[in-house]
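Spelled out, the chains give:
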Amino acid sequence: MTIAGEHIDVLIVGAGLSGIGAAYHLQRAFPQRTYTILESRDAIGGTWDLFRYPGIRSDSDMYTLGYRFRPWLGEKAIADGDDILHYLRDTAAEAGIDRHIRFHHRVVRAEWSSTETRWTVRAERTDTGETVTLTAGFLMCCSGYYRYDEPYTPDFAGVERFGGLVIHPQHWPTELDVVGKRIVLIGSGATAITLGPALTRQGAHLTMLQRSPSYIISAPTRDDLAVRVRKFLPARAAYAVARGKNVALSTAIYQLSQRYPSFMRKRIRGWQQRWLPPGYDIDTHFTPSYNPWDQRLCLAPDGDFFRAIRKGELDVVTDQVDTFTESGLTLASGATLDADIVITATGLNLLAFGGMDLVVDGRPVTLSERMAYKAMMLSDVPNFAYIIGYTNASWTLKADLVCEYVVRLLRHMDAHGYARCTPVRDPSVGEAPLFLNFNPGYVQRAASQFPIQGTKAPWRLRMNYLRDLVALRHGKITDGAMRFARAERRDSVSTTG
């Protein structure tokens, strides 16, 4: 059954961090403009509502992961997942955004018509099976890039023989009792670094089995500067101070890692020597083959991961799975690990734009053939924007900037009577992968499913908040690549605004 719906000025896909932020910016800038959020699940929160494994937390500080427009007032800078979810839901409720969300609506197709100057969006009701059709003047995709229904798990030999539980963190069972259990945790990324100490605190003995190491550094749970300045400044000003300090610090660490990788390798090793027991084999277990920030740095709040190692509650084994057995795992080296539970923190699958099909004037859009404009729009796709956050900083830093730019873009269109904006690719611009200097496995597996980037602005992806702040918050809307047109087809296209 298909249900025809109304026309919406701006349609937002996704009710997570990005979608709630986009709605806030839009309704503040355009109180008379209609908007709706379509959310495939039954709750606000996106990633923070989906993942329920023990210890889930941010791997960015909340003074940058929080919205620019709403200060984070919690005591922890590295916040627990529940606190982040409350912050997000409170933001939506206080602004009345929750009244604009339609849950159980999974967008499957969006078709642009230049003749009608609008999108026709088809969504499937995940609760009733019905199909709903809406039209919109502008479409914003805020669905992130993770596939929520299917995590990534390698094909492990013999897994069917294992007599215990095999769990992926993305599908964590409720009320799992781990007291006294022998747990093998396969993985070395942020999820594993979070889960390991959390499970030892619940009474498990844990072995983290990693094929290769990751960079892990300790970060304080509490930001002393943020707490101190709250005593002297209003909440919003104190938040801005802490946010600015943390942006500067994270930018400096990233730039040092990119420009002086050998120096940063030595610095990280020196830190780890202080955190780990004397004589610990750092070369084997904590020295990756890649340079710092070629993949994300993993954070251990207050060094909890290293403390668990010092206490003898957590072992690290660097090896590969040969096969599962009835009682555990046999490794490539011939060693064996006994286990009651095996957790496969082996990564996620990426999914561009929530898996929806894009069509422009009857022609399907092949994402790998489209170039990303300012890392937030697609070449030759009108009235469409998306949010993909930074890989080297907090997601929300980029989300806020994209939303501010979309507001500026819509205001420009209103001021000049334009109904359509389309980034048009310059054929002379060279091509490069979207995530050029970021190479974890989950990105490499899905690279062909995403748009490409160009070799020069405005088609080049910058993982630099300070440069993006200037370009997106203050840069020109009319840059030669963005074409504007009025709804009447007889009107000529303008490139100057």
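Residues numbered from 1 in each chain as written. Predicted model: local features only at pLDDT ≥ 70, side-chain atom pairs only at ≥ 80, totals over all residues. Heavy atoms only, no water.

## Topic: the packing of aromatic side chains
Taken as a whole and judged by the stated rule, the model has 23 aromatic pairs. For the pair Phe-156 and Phe-324, a centre-to-centre distance of 5.6 Å together with 50 degrees between the ring planes defines the contact as tilted. Here the residue Phe-156 occupies a position in the loop between strand S6 (131–141) and strand S7 (165–167), and Phe-324 occupies one in strand S13 (residues 321–324), the gap between them amounting to 168 residues. The buried category is assigned to Phe-156, whose relative accessible area is 17%. Classification of Phe-324 by relative accessible area gives buried; the value is 0%. Against the face of Phe-30 rests Arg-33, its NZ or CZ located 4.5 Å from the ring centre. The side chain of Arg-411 reaches across the aromatic face of Phe-30, ending 5.8 Å from its centre. (Phe/Tyr/Trp six-rings, centres within 6.5 Å; stacked < 30°, edge-to-face > 60°. Helix = DSSP H or I, 4+ residues; strand = E, 2+ residues; numbered from the N terminus. Buried < 20%, exposed > 50% of the residue type's maximum accessible area, 1.4 Å probe, protein only. Lys NZ or Arg CZ within 6 Å of the ring centre and 35° of its normal.)

## Overview of the sheet that holds S13
Within the open sheet, the 3 strands sit side by side as S13-S14-S15. Their pairing is antiparallel. One side of each edge strand has no neighbouring strand; the edge strands of this open sheet are S13 and strand S15 (336–338). Across the sheet, the mean angle separating the axes of adjacent strands is 25 degrees when strand polarity is ignored. The pairing of strand S14 (residues 328–331) with S15 spans 3 bridges and is classified as antiparallel. In the strand pairing of S15, Leu-329 is matched with Leu-337. (Pairing = 2+ DSSP bridges. Axes fitted to C-alpha atoms, helices over the stretch in contact; angles between N-to-C directions.)

## Focus on the pattern of salt bridges
Within this structure, the stated rule accounts for 25 salt bridges. Salt-bridge contacts for Asp-49 lead to Arg-89; the nearest nitrogen and oxygen are separated by 2.8 Å. Of this pair, Asp-49 sits in helix H2 (residues 47–50) while Arg-89 sits in helix H4 (residues 81–94), placing them 40 residues apart in sequence. The closest approach of N and O atoms between Asp-400 and Arg-243, which form a salt bridge, is 3.6 Å. (Salt bridge = Lys/Arg side-chain N within 4 Å of Asp/Glu carboxyl O.)

## Observations concerning helix H1 (residues 17–29)
Spanning 13 residues, H1 covers 19 Å between terminal C-alpha atoms, matching the ideal 18 Å at 1.5 Å per step. The buried fraction of H1 amounts to 10 of the 13 residues, a majority that puts the element mostly inside the structure. What H1 keeps buried is the set Leu-17, Ser-18, Gly-19, Ile-20, Gly-21, Ala-22, Ala-23, His-25, Leu-26 and Ala-29. (Expected span 1.5 Å × (residues − 1).)

## Description of the layout of surface pockets
Considered as a void within the structure, the second largest pocket measures approximately 650 Å³ in volume. Lining the second largest pocket are 27 residues, with Ala-219, Leu-249, Ser-250, Ile-253 and Leu-299 sitting closest to its centre. Mapped onto the lining of the second largest pocket, the elements with two or more residues apiece are strand S10 (216–219), helix H7 (235–259) and helix H8 (261–275). For the lining of the second largest pocket, the element with the most residues is H7, which contributes 5 residues. For the lining of the second largest pocket, the per-class residue count stands at 14 nonpolar, 7 polar and 6 charged. (1 Å grid on protein atoms, 1.4 Å probe; cavity = no way out; pocket = protein on both sides within 12 Å on 5 of 7 lines; lining within 4 Å. Points joined across faces, edges and corners; volume = space filled by probe spheres on them. Nonpolar A, V, L, I, M, F, W, Y, C, P; charged D, E, K, R; others polar.)

## A look at the pairing of S6
Successive residues of a regular strand alternate their side chains across the two faces of the sheet. For S6, the buried fraction is high: 10 of the 11 residues fall into the buried class. Bridge count between strand S5 (residues 118–125) and S6: 6 bridges; the pairing is antiparallel. Residue pairing in the sheet places Ala-123 in a bridge with Val-132 of S6. Between S5 and S6, which pair antiparallel in sequence order, lie 5 residues; one of them, Gly-129, sits at a positive phi of approximately 85 degrees. Looking at chain direction, S6 and strand S21 (residues 384–386) are connected through 3 bridges and run parallel. Looking across to S21, one finds that Leu-139 is bridged to Phe-384.

## Focus: the confidence of the model for the protein
For the protein, per-residue confidence averages 91 on the pLDDT scale, and residues scoring 70 or more make up 95% of the total. Per-residue pLDDT, averaged within each element of the protein, yields its smallest value for helix H12 (residues 441–446) (62) and its largest for strand S3 (residues 101–102) (98). In this model residues 490–497 is a low-confidence stretch, pLDDT under 50, and it forms 17 contacts with partners more than four residues away in sequence or in other chains. (pLDDT = per-residue confidence, 0-100. Contact = heavy atoms within 4.5 Å.)

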